[in-house]
Amino acid sequence: MMKPIQSCAVFGLAKNVGKTTVLNAMAKQAEMEGVTLGLLSVGVDGEKRDVWSLREKPPIHVPTDGWVATAASLLEPNAGKWEWVEETGIHSPLGPVVIARARTRATVKLAGVNRSRGVAEVLQRMEQLGILLALVDGAYDRKAAGDPWLTDTAVAVAGAALGPSLDAVVERVAEWWSIAALPAVTSPLLQQAGKNARDRGRLAGVRGGEVVSLPFSSLLMQQSQWQQTLDKPEWTALALPGALTESALALLLGRGSPLDLILSDPTRCFVSRRSLRRWFRMGGKLLYLRPLRLRAWGINPVSPDGYTLDSHRLQERIAKIVHPVPIVDVKQEGWPFSLLPREGKNNAMDG
């Protein structure tokens with residue numbers, strides 16, 4: 001029986017924090033352990049220079065017999081190094097996306113799989129091809145790559161590029177983590193509301209102990225509709241099919257009475273910690289239908305601007321925030337966790 005593919009998203013909290021270095025360390029570990037590896041990117045990564053700063057970037061390394069999904073045009077300069085296996089049916093501005101296998105160690109630019117649906121399709125095909133581990137690169141600062149509906153687990157990367165001091169970097173991590181690590185929905189009634197919202201693409205509310213589907217895809221509706229439908233105290237919970245934004249949360253704060261808010265997952269939350277604190281002080285909650293499954297935090301103490309933070313202190317302070325998620329500086333340690341698949345899909349990358 002074929003073992004199921006394991007998938008892990010690697011994303012950074014900002015540009016140039018060291019995400020590609022973490023990705024390469026994981027690929028090297030996979031090669032050492034003989035794990036068949038697949039690579040794809042939600043965006044573009046592996047280019048020689050950053051698009052905005054023009055600084056040099058590390059290439060993405062692919063081990064011999066490693067697989068990639070990328071725009072076919074990006075493999076042409078390496079003709080002879082790649083075995084083109086098949087087209088995926090995904091079309092990008094750079095041309096059709098193909099799945100290819102490296103005949104020898106190579107570097108690659110990954111691009112073309114920009115949509116969640118495309119990522120899911122490629123992961124499914126990689127599983128059919130017998131690939132055991134797929135790493136999904138969250139290019140730039142596309143934290144949406146950590147969508148827990150797409151991959152089994154994720155690695156977040158924080159680095160000195162987040163701020164000019166250790167305090168500034170830690171504050172950015174704390175800000176993000178305070179929202180990303182909010183709890184999962186446990187109430188069956190609220191779980192049903194969340195599933196209704198996600199499956200139907202419409203708001204779902206809880207009123208009088210029952211789930212009620214609403215004919216709106218977001219909170220941004222006409223004021224008259226808002227007042228007639230949602231500006232009433234009998235609602236005790238509300239599930240959103242899409243994102244929670246600052247403007248949407250401001251509407252709910254203006255309502256003046258608390259609700260249990262349910263989002264599909266943390267990648268749909270785009271509010272500040274300050275606004276969220278106001279929501280919590282009012283008695284509101286924010287829960288996720290599927291929380292983030294974070295495998296590890298990667299850190300990079302070296303800034304592209306030339307300064308270096310103390311790696312040990314950075315690890316120590318971030319560890320206090322994200323405990324019990326392990327912290328790793330791959331520049332010093334490599335990837336210290338096994339990537340060998342184990343029985344049980346979600347336990348496949350235990351350390």
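Scroll up for the structure.
A brief structural summary. (Residues numbered from 1 in each chain as written. Predicted model: local features only at pLDDT ≥ 70, side-chain atom pairs only at ≥ 80, totals over all residues. Heavy atoms only, no water.)

Notes on helix α7 (residues 273-281)
Along an α-helix, residues three or four positions apart point the same way, because every turn accommodates 3.6 residues. Looking only at α7, the buried set comprises Arg-273, Ser-275, Leu-276 and Trp-279. Projected down its long axis, α7 carries its buried residues within an arc of 155°, all on one side. Opposite the buried face of α7, by more than 90 degrees, sit the exposed residues Arg-274 and Arg-281. Looking one or two residues beyond α7, the residue adopting positive phi is Gly-283, at roughly 105°. (Buried < 20%, exposed > 50% of the residue type's maximum accessible area, 1.4 Å probe, protein only. Helix = DSSP H or I, 4+ residues; strand = E, 2+ residues; numbered from the N terminus. Arc of directions from axis to C-beta.)

Details of the side chain of Arg-273
For Arg-273, the position within the fold is in helix α7. Ignoring any residue separated from it by four or fewer positions in sequence, one finds Arg-273 in contact with Glu-171, Ala-174, Glu-175, Ser-178 and Ile-179. (Contact = heavy atoms within 4.5 Å.)

Comments concerning the nonpolar core
Ranked by size, the top nonpolar core spans 78 residues in total, and within it Trp-297 and Trp-335 carry the most contacts. If one sorts the elements of this core by residue count, helix α3 (residues 166-180) sits on top with 7 residues. With near-sequence residues (within four places) excluded, Trp-335 lies in contact with Val-22, Ala-25, Met-26, Gln-29, Val-155, Ala-296, Val-328 and Val-330. One finds Leu-238, Leu-249, Leu-253 and Leu-261 within the second-largest nonpolar core, a separate group that totals 26 residues. (Core = buried A, V, L, I, M, F, W, Y, C linked by side-chain atoms within 4.5 Å.)

Some points on the packing of aromatic side chains
Counted by the stated rule, this structure contains 5 aromatic pairs. Geometrically, the ring pair formed by Trp-176 and Trp-177 is tilted, given 6.2 Å between the ring centres and 35° between the ring planes. Each member of the pair, Trp-176 as well as Trp-177, carries the same accessibility label: buried. Plain terms: the ring middles of Trp-177 and Trp-297 are 6.1 Å apart, the flat faces sit at 70° to each other, and that makes the pair edge-to-face. With Trp-177 in helix α3 and Trp-297 in strand β19 (residues 294-300), this residue pair connects regions lying 120 residues apart in the sequence. Each member of the pair, Trp-177 as well as Trp-297, carries the same accessibility label: buried. (Phe/Tyr/Trp six-rings, centres within 6.5 Å; stacked < 30°, edge-to-face > 60°.)

Considerations on the sheet that holds strand β7 (residues 95-102)
If you trace the 9 strands from one edge of the open sheet to the other, you get β6-β7-β5-β2-β10-β1-β11-β19-β20, paired in mixed fashion. Every interior strand has two partners, whereas the edge strands, β6 (82-92) and β20 (327-328), have only one. Contacts from helix α2 (residues 116-128) reach β1 (6-12), β2 (37-41), β5 (67-71), β6, β7 and β10 (133-138) within the one sheet, and its direction differs from that of β2 by about 170°. (Pairing = 2+ DSSP bridges. Axes fitted to C-alpha atoms, helices over the stretch in contact; angles between N-to-C directions.)

Keep in mind that these numbers describe shape and distance, not what the molecule does.
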